[in-house]
Amino acid sequence: MGAIWDIIGNEVTYSSAMRFAVLLLFAASGEWVAERAGTLNISVEGMILAGAFGSAVSYDITGSIPLAILMGAFCGFLVSTIQANLSHRLPADQFVVGLTINILILGLVGFLDNVIEPSVDKASQATIPGLASIPVIGPALFDQPWPLYLVYPLVPAVWWLVYRTRWGLEVRASGEDPNSADVSGIRVNKRRRQTIYLTGLTSGLGGAYLVFGAVGAFADSIVGGRGFIAIAAVIFGGWTLKGSVAGCLLFGAVVSFRLSLPDQGYDGINTEFLTALPYIVTIVGMAAFAHRVRPPAALAKPFLRGLD
Amino acid sequence: MVEPGTASGAPSGSATSNAGPTVGSTEGSILTTNQWRDDPPAVEVVGITKRYGQVSACDSVDLVFHRGQIHGVLGENGAGKSTLMKILIGLVVPDAGQVIIDGKPSVITDPIDAAEKGIGMVHQHFSVVNALTVWENVALGDQMRLNPEAIRDEIGDLSRHYGLDIEPNAVVGTLTAGLRQRVEIIKCLRRSPRTVILDEPTSVLSPGESEILFEGLRRAVEDEGMAIALVSHKLDEILGATDLVTIMRRGKVVAHQKTSDSDAAGLARAMVGRPVALRSEREVPSSETDSPKRRPTKPKQEHASLEIDSVHANGDDGRVLLDGLDLKVYRGEIVGLAGVEGNGQRPLADLLSSLMSLASGSVRVDGKPIACGRAGAMAKAGISVIPEDRHDSGCVLEMSVAENLFLADPNLVARRGILDHRKMTYRAERLIERFAISCEGPDAPMWSLSGGNQQRVVLAREMAHHPRVLVAAQPTRGLDVGAIEYMSEQLRQAAAAGVAVLLISTELDEILDLASRLVVLSKGRIVGEMSREAVDIERLGLMMGGAVP
Amino acid sequence: MTDVLGSDPIDGAAKEVAAARGRHLVLGEIVTLYALSVLVALFLSGLLVSLTGGSARDVFSALLDGSILRPGRWGLTLGSAAPMLLVALGTIINSKAGLVNIGQEGQLLIGAAFAAFVGTRLGGETTGSVAGFAVLLTLLLAGGLGGALWAAIAGALRFWRGVPEVLSTLLMVTIAANAVGYGLKKDWLLLAPAEGRSNRNQVSEQLADAVRVKRITVFGNEFPLTVLLAIALAVVVTFALSRTVPGFRLRMLGQNAKTAQRAGVDSTRYGMAAMALSGAFAGLAGGIMLAGGDFGNYQLVPGFSVSIGWTGLLVALVAREKASAAVLVAFLFAALRTGSGFLAATGVERKITGVVQALLVLALLIPPAVLYIRQRRRALNASKERI
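Residues numbered from 1 in each chain as written. Chains lettered and ligands numbered in written order. Predicted model: local features only at pLDDT ≥ 70, side-chain atom pairs only at ≥ 80, totals over all residues.

Moving on, we come to the overall build of chain A. Regarding its fold elements, chain A presents 13 helices and two strands. A globule of 308 residues ought to have a C-alpha radius of gyration of about 19 Å, and chain A, at 19 Å, matches this closely. Along the first, second and third principal axes, the C-alpha atoms of chain A reach 60 × 45 × 40 Å. Burial statistics for chain A: of 308 residues in total, 59% are counted as buried. Counting only contacts in chain A whose residues sit at least 6 apart along the sequence, the fraction spanning at least 24 positions is 77%. (Helix = DSSP H or I, 4+ residues; strand = E, 2+ residues; numbered from the N terminus. Rg over C-alpha atoms; globule rule 2.2 N^0.38 Å. Buried ≥ 20, exposed ≤ 12 C-beta atoms within 10 Å, placed from the backbone. Contact = placed C-beta atoms within 7 Å.)

So, on to the overall build of chain B. Assigned secondary structure in chain B consists of 19 helices and 22 strands. Of the contacts formed within chain B by residues at least 6 apart in sequence, a portion of 70% connects residues at least 24 apart.

Our focus in this paragraph is helix α12 (residues 308–319) of chain C. All names here are of chain C. The first and last C-alpha atoms of α12 sit 16 Å apart over twelve residues, in line with the 16 Å expected at 1.5 Å per residue. Burial analysis of α12 places twelve of its twelve residues in the buried class, the great majority of the element. Along α12, the positions that sit buried rather than exposed are I308, G309, W310, T311, G312, L313, L314, V315, A316, L317, V318 and A319. One or two residues past the end of α12 sits R320, with phi positive at roughly 50°. (Expected span 1.5 Å × (residues − 1).)

This next bit is on the interface of chain C and chain A. Many descriptions give the size of an interface as the accessible area lost when the pieces come together. Listed per partner, the contact involves 38 residues of chain C and 36 residues of chain A. Mapped by element, the contributors of at least two residues to the side of chain C that touches chain A are α6 (129–161), α7 (165–183), α12 and α14 (352–385) of chain C. Looking at which element gives the most residues to the side of chain C that touches chain A, the answer is α14 of chain C, with 16 residues. Grouping the constituent residues of the side of chain C that touches chain A by class yields 26 nonpolar, seven polar and five charged. (Nonpolar A, V, L, I, M, F, W, Y, C, P; charged D, E, K, R; others polar.)

Another aspect to go through is the environment of H421 of chain B. As for its placement among the helices and strands, H421 of chain B is situated in helix α15 (residues 421–434). In this structure H421 of chain B comes out as partly exposed when scored by C-beta crowding, with 15 C-beta atoms within 10 Å.

Looking now at the nonpolar core. Counting residues in hydrophobic clusters, the biggest one holds 399 residues, and the most contacted among them are L24 of chain A, L503 of chain B together with L85, L89, A326 and A330 of chain C. Per element, the largest residue contribution to this core is 16 residues, and it comes from helix α11 (residues 267–292) of chain C. With near-sequence residues (within four places) excluded, L24 of chain A lies in contact with R226, I229, A230, A233, C248, F251 and G252 of chain A. (Core = buried A, V, L, I, M, F, W, Y, C linked by C-beta atoms within 7 Å.)

Moving on: the sheet that holds strand β21 (residues 517–522) of chain B. Residue and element names in this part refer to chain B. Pairing is mixed across the open sheet formed by six strands, whose spatial order is β16-β19-β20-β13-β21-β22. Both edges of this open sheet fall to β16 (383–386) and β22 (525–531), since each of them pairs with a single strand only. Taken pair by pair, the neighbouring strands of this sheet meet at an average axis angle of 20°, ignoring direction. Relative to strand β20 (residues 500–504), strand β19 (residues 469–473) is paired through five bridges, and the arrangement is parallel. In the strand pairing of β20, V469 is matched with A500. Contacts between helix α11 (residues 345–352) and the sheet are confined to β16, β19, β20 and β21, with β19 contributing the most and set at about 145° to the helix. Lying on the sheet, helix α19 (residues 537–544) is in contact with β13 (334–338), β21 and β22; it crosses β21 at an angle near 30°. (Pairing = 2+ DSSP bridges. Axes fitted to C-alpha atoms, helices over the stretch in contact; angles between N-to-C directions.)

Residue and element names in this part refer to chain B. Residues with a pLDDT of 70 or more make up 84% of chain B, whose mean pLDDT is 81. Under a pLDDT of 50 for its full length, residues 1–33 has, in the predicted model, 52 contacts with residues more than four places off or in other chains. For the stretch residues 276–299, pLDDT sits under 50, and the model shows 38 contacts to residues farther than four places along the chain or on other chains. In the model output, the complex is listed with pTM 0.85 alongside ipTM 0.88. (pLDDT = per-residue confidence, 0-100.)

All right, on to the confidence of the model for chain A then. With 96% of its residues at a pLDDT of 70 or more, chain A shows a mean pLDDT of 90. Across chain A, the element-wise mean pLDDT spans from 67 in helix α1 (residues 2–9) of chain A up to 97 in helix α3 (residues 44–62) of chain A.

Each regular strand shows side chains that alternate between the opposite faces of the sheet. Residue and element names in this part refer to chain B. Of all seven residues making up strand β10 (residues 252–258), six are buried, and the element is well covered by its neighbours. Inspection of the sheet shows strand β9 (residues 244–249) paired to β10 by six bridges, in the antiparallel sense. Within β10, the position partnered with I247 by the bridge is A255.

This brings us to the sheet that holds strand β11 (residues 306–314) of chain B. Residue and element names in this part refer to chain B. Taken in spatial order, the four strands make up an open sheet running β12-β11-β14-β15, and their pairing is antiparallel. The open sheet is flanked by β12 (320–329) and β15 (368–369), the only strands paired with a single partner. In this sheet, β12 lies alongside β11 in antiparallel orientation, the contact comprising seven bridges. Within the sheet, the bridge partner assigned to N314 lies in β12 and is V320.

Residue and element names in this part refer to chain B. Unlike most non-glycine residues, D102 shows phi in positive territory, near 50°. Tracing the backbone shows D102 in the loop between β4 (96–101) and β5 (104–106). Even without glycine at this site, R416 takes up a positive phi of about 50°. Mapped onto the fold, R416 is located in the loop between β17 (414–415) and β18 (418–419). Judged by C-beta crowding, with 8 C-beta atoms within 10 Å, R416 ranks as exposed.

Another point: helix α12 (residues 241–263) of chain A. The first and last C-alpha atoms of α12 of chain A sit 32 Å apart over 23 residues, in line with the 33 Å expected at 1.5 Å per residue. Along α12 of chain A, the helix axis deviates most sharply at F257 of chain A, where the bend reaches about 50°. (Bend = angle between axes of the 7 residues up to and from the residue.)

All names here are of chain B. For β20, the tally of buried residues reaches five of five residues, placing the bulk of the element in the interior. Of the two faces of β20, the one lined by A500, L502 and I504 and the one lined by V501 and L503 are each fully buried. Across four bridges, β13 lies against β20 in parallel orientation. In the strand pairing of β20, I334 is matched with V501.

It is worth spelling out the packing of helix α2 (residues 11–36) of chain A against helix α7 (residues 151–164) of chain A at this point. Residue and element names in this part refer to chain A. Packing of α2 against α7 leaves a shortest axis separation of 10 Å and a crossing angle of 10°. By the angle between their directions, the pair α2 and α7 is classed as roughly parallel. In this structure, α2 uses V22, L25, F26, S29, V33 and R36 to contact α7, whose residues at the interface are V151, L154, V155, V158 and V162. Grouping the constituent residues of the contact of α2 with α7 by class yields nine nonpolar, one polar and one charged. (Parallel < 35°, antiparallel > 145°, perpendicular 65-115°, else oblique.)

Okay, the environment of S353 of chain B next. Mapped onto the elements, S353 of chain B comes out in the loop between α11 and β14 (360–365). A tally of 25 C-beta atoms within 10 Å means that S353 of chain B is categorised as buried. Placed 24 residues apart in sequence, S353 of chain B and A377 of chain B show a C-alpha to C-alpha distance of 8.4 Å. With residues up to four places along the chain from it excluded, the contact list for S353 of chain B reads M378, V385, P387 and S393 of chain B together with R262 of chain C.

A few words on the packing of helix α8 (residues 166–176) of chain A against helix α10 (residues 188–215) of chain A. Residues and elements named next belong to chain A. Contact geometry for α8 and α10: axes closest at 9 Å, N-to-C directions at 110°. When the axis of α8 is compared with that of α10, the two are roughly perpendicular. Here E170, V171 and S174 of α8 lie close against α10, whose contacting residues are V188, R191, R192 and T195. Of the residues in the contact of α8 with α10, the class split is two nonpolar, two polar and three charged.

Residue and element names in this part refer to chain C. Position of T91 among the secondary structure elements: in helix α4 (residues 73–96). When the C-alpha atoms of T91 and A282 are compared, they prove to be 8.5 Å apart, with 191 residues separating the residues in sequence. With residues up to four places along the chain from it excluded, the contact list for T91 reads N101, Q104, S278, G312, L313 and A316.

Here you go:
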């Protein structure tokens, strides 16, 4: 029991958990919007990886982290244009497209990484005075590499976009009842494409954050399926933004255990188990909650009228 | 005046060609002096044609909607009214013809475009998003910034003006069908359309609600010079609410006249294409036959063929769908289940199709209880169902006609688990012949068949099982007259052969025509029962409206 | 009898699709579209190679040499194609039932692990050919069982807890890899005895000679007999889906679940069966990879699945649920794989073949989608021209 209290009381646990949760938050905030519009967008994994690689390469060239982060968002966006236009301009199956994109980006990044071999640095630590000295969670939230802080305005912005703007209303209508939305004069597939573009941007940001904020290096295995965990966080959260954020924090904490537990001296736990743990927790979490919540009624159902 | 189309010959020619001018000449007598009187027609349709495969949904249709008038568009289900209206709001692209709006030829590309051109539509289905609130639904499709306060105020104003009261913050999915339609109407009126199309607006309303609706519409027409197109297949509604009426049959305009010059018999004749006895004027079914099987007043059976005992069922969202429903159907009788749509018809049909499980209660066939919700349990017990939406649960569009004929029991055409294609074809051909299904053959894909023929495939399959109980849910919806008569005859024959028939229909006429006993469904339970001879239409209407006398 | 369009919009939509499918499909258009998109995919691949300093022509001829032309190479390609085909067959089964299983990579790995466990435990000392064959059969069955169990977990989560199977199957790939990694560390599970593995610490015992799949040689090309097994299973799957009662019911479930429920097809039972079967095929693929000899040295190591599960899934996607097409596509993708062995000489990284593969898949997704859109656009334009 003592060991558990050590872990729970340790600031490092929270800092490390936050670092991984933020990647999930970036990706999930876009993914949440896409799912509210009716797309279960599994290419989010490829979007993160493209963002990570794009930002790493542009940092290698320009040496500027802000520029590299912008480039990361752009690369995520580029990938999202493939998904959006194949599944919501042409009527190709969204899972098939998403899966193929993931394989394509993994292959492409693996191939180019060997050719370019970008070298990157970690972004500088930014401590927010005062807030950072809150006990236990202060350092986790307010003493982190600066790109992490980008997520703080992002999440409320996404909430505002979905619940307070006309665009958001149309997005929700498209995900709930595309036929009615269409009859009301909403371009369902256009809205769906736009939400995928948004996912591309936030996931690309997430990829850049992963490179500069969390890891400080690039490898083609850097994302390692965490995009899928972001999707699971949205489902776990019952398609509410609040729930998705909670899901990201929970899954982020579990992802971090693999690094933080051995760091804190608990190396008796099997590494395979720790690596698989986030996936296990994700599946168990979905099993516990998925049937209690109501997905957007048209989730993963294509809308064919108006594809012209 | 143009006469209503006479007997089946070639009624369309003369009527359509001078429909426009005829209306023009009668205009003055109908319109009061209003400033929009000299405006060009709100909407004019010239030579619109739309074909689906071999079938013409609209065949060079000409039609004029004037401001300040309620214009009835009458026709049987499938006469082409809905297609025409969908063309007007840009949901369907016509193959030929022109739409002229306020005197200008226009192409309507989609519903937004239609709204911009002043055409709004109140849909029968598919138009409000249940997960959103009333004000969000009303705001849907606007272009300007979202301003909840302003929209809520506007809803308040419109509600007061037209007498359509509604709570702007309610989630639409929690409202009754009548209120949902009210949302739809407010949404449409808020954009101040010059032309409003109402597609079968009363199919989900009780008689009282319909009255309120038409009062509001009359106000909109008289105060604001709106043109209203009222699409309906109900004669009394057309006679009571419209100024002019256009009658369509098989995709063509067959007649065009002032409502004040029309009577029910004439309209019915034009709509159907030959003299018909209005269903409700027909003889009471029981007197057509004196077979005691037909309508057992004191059933000799120990058990009813179908016995539904105080069933309760809830939807996924927790809404009560069936609320203590009791129903017995004996062999050889046709029980008509009347009621306003959305009061539990679908859940009941789902229950009898093994698609739903129960919170409590039981279903028995010949006294034997059935495991509700278990796949195929109802079919196995001898309940055949002709579902309301055949694409939803009646057939598999991607499969062949033959395959669709043996969905429920493929073992009939298989040997040791392997399908015998030759046997299947042979048996399918016989069924195709017996039920006069028009298709390219047993291997034709189901999607290549017309709606009526798909329905026949479903009927053929369900009857081939020699059912104990036959449930027909809205069996004639979307069919033309010939198909309707065929279906009605099949139901009568089934009952004569000793099957217990449950007819679920929102068409009172259909029930009065076929059923020997009526029960009324309201809010998921049976609220009344009467025999066909003792039908009291007024009391029936009150029961359907939920006011049990 | 003249039936007229029903008033429901679904009816109209179905008719529109029917009309589009029925009349306007011009063969030339289809061929052109497919040719064009494949060409674009190949061009992009070539461009990528050129931009990174390679020669597209060299890469192309190396791929061709390595997969078919050089002596003995097409045998290798067949050996690689067999497990891909098996995975694809399983995928076709779950797709027909309307389920999305994308975790074959994990199911394959678990299958291989089950096969390795059974094969090394039962067959350690086996020398006789009859006994060896019996062990081989058992290990292949164990492989199928392992894959089936792994996929059935995702099925159970879907049918009893509402977890989308597309995600659970995917997440379970990583869990499978780690579970097998763990097993390879424990000698009571898969780890070979200390004397048999020099200094490697994550490797299973080798299968005994008698337990391995026989390899045959045709025109100097050697391949395992399991290639024939895979092709036979493709025929069986095609037949079972189109001509048997259970196959008929499975298709019914995939195409209209409600109608199927009415007709007595229990979606849970049939869905679980489809999931398990699909996993069984992937697991069997793992088994034949282990015992076939084309993948490693008849022993299990971490990363043993070498993306065959993913590739098999792509094969099924490209083959559009047709087992006969899957045979050809599996050979094509296997050719890319074996061909990539010759890329080293060209100085181009072999990961390029993954890119080529994915681009080809995307290219083959586009034509049917474009054809659909074109029908609609034609109708729209025709109406605009009239004004």
